[in-house]
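Structural characterization, general
One letter stands for each residue in the lines below.
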Amino acid sequence: MKKDDFLEARPLKRDFYSLPTLELAQALLGCLLVKQTSEGTTAGLIVETEAYVGPEDKAAHSYNNRRTKRTEIMFHESGLAYTYQMHTHCLINVVSGGAGNPEAVLIRAVEPAAGIELMLERRQVKQRVALTNGPGKLTKAMGISMSDYGHPFTEPPLFIAQGQLPASISAGKRIGIENSGEAKDYPWRFWITDNPFVSRHQQALSVIEPKKG
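Note that this is a predicted model, so its numbers are computed, not measured. (Residues numbered from 1 in each chain as written. Predicted model: local features only at pLDDT ≥ 70, side-chain atom pairs only at ≥ 80, totals over all residues. Heavy atoms only, no water.)

**Side note on the pairing of strand 4 (residues 89–96)**
Rule in force here: Any residue under 20% of the maximum accessible area for its type is buried, any over 50% is exposed, and the rest in between are partly exposed; the area is computed with a 1.4 Å probe on protein chains only. Numbering goes from the N terminus for both helices and strands, where a helix is a DSSP run of H or I of at least four residues and a strand is a run of E of at least two. Only strands joined by at least two bridges in the DSSP assignment are considered to pair.
For strand 4, a buried count of seven out of eight residues is recorded, marking the element as mostly surrounded by other parts of the structure. As paired strands, strand 3 (residues 81–86) and strand 4 are joined by six bridges and run antiparallel to one another. Along strand 4, the bridge assignment pairs T83 with I92. Counting the residues between successive antiparallel strands, the hairpin from strand 3 to strand 4 contains two residues, one of them, H87, with a positive phi of roughly 60 degrees. The pairing of strand 4 with strand 5 (residues 103–114) spans four bridges and is antiparallel. Bridge assignment links S96 to a residue of strand 5, and that residue is E103. Connecting strand 4 to the next strand, strand 5, in antiparallel fashion are six residues, including G97 with a positive phi near 90 degrees.

Quick look at the structure:
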């Protein structure tokens, strides 16, 4: 993908988000996440995701169909933004599973593709590799906030567009869910193999050949 291709990027259609959650988490890898703000536009290739397949997934916020003010958007149609606060960070998820079936995919890391100077200014870091290699880092760098809660990814100012197909996808355990029983061992974290912007490098439990869409 050329440096300024994001200027021509168009949001993926709603049908894309109808994929089963585990498949969507993999299909999102290589897609372009774009955020337009008054300060400028930033974009990054999604390089790491985690699937949360509630309500039977003990690591999911919607486990046991838990419906709260925070999780309400997870019960709506697929393709909406589920943002939530963790400590001082805002994290962003893609709602999946269809209406009434509260599932989501966490976007854990992106590879900066456009608006990098603005990202650096927001994050106040010098190393590009540390700019967006984590779910809280990428939202700060891109200006994604709690105000994006419920926004459809099919339209600006926050949207997901076609990017580039990864050569290889690795799968392993999700991160930071040690108190979720057997769910902590589910291999539902996916990342582009060997990408330097992945939040945490660990041994893959499996390697997957990406599906051509």
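Next, the rest of the story.
**A short note on the pattern of salt bridges**
Formally: Each salt bridge in this description consists of a side-chain nitrogen of Lys or Arg and a carboxyl oxygen of Asp or Glu lying within 4 Å of one another.
In this structure the tally under the stated criterion is ten salt bridges. The shortest N-O distance in the salt bridge between R108 and E48 comes to 3.0 Å. Here the residue R108 occupies a position in strand 5, and E48 occupies one in strand 2 (residues 40–52), the gap between them amounting to 60 residues. The closest approach of N and O atoms between R108 and E50, which form a salt bridge, is 3.8 Å. In this pair, R108 is assigned in strand 5 and E50 in strand 2, connecting sequence segments 58 residues apart. Classification of R108 as buried rests on a relative accessible area of 10%. By relative accessible area, E50 is classed as buried at 0%. Each of the salt bridges in this network shares a partner with another, and the network as a whole consists of E48, E50, R108 and R189.

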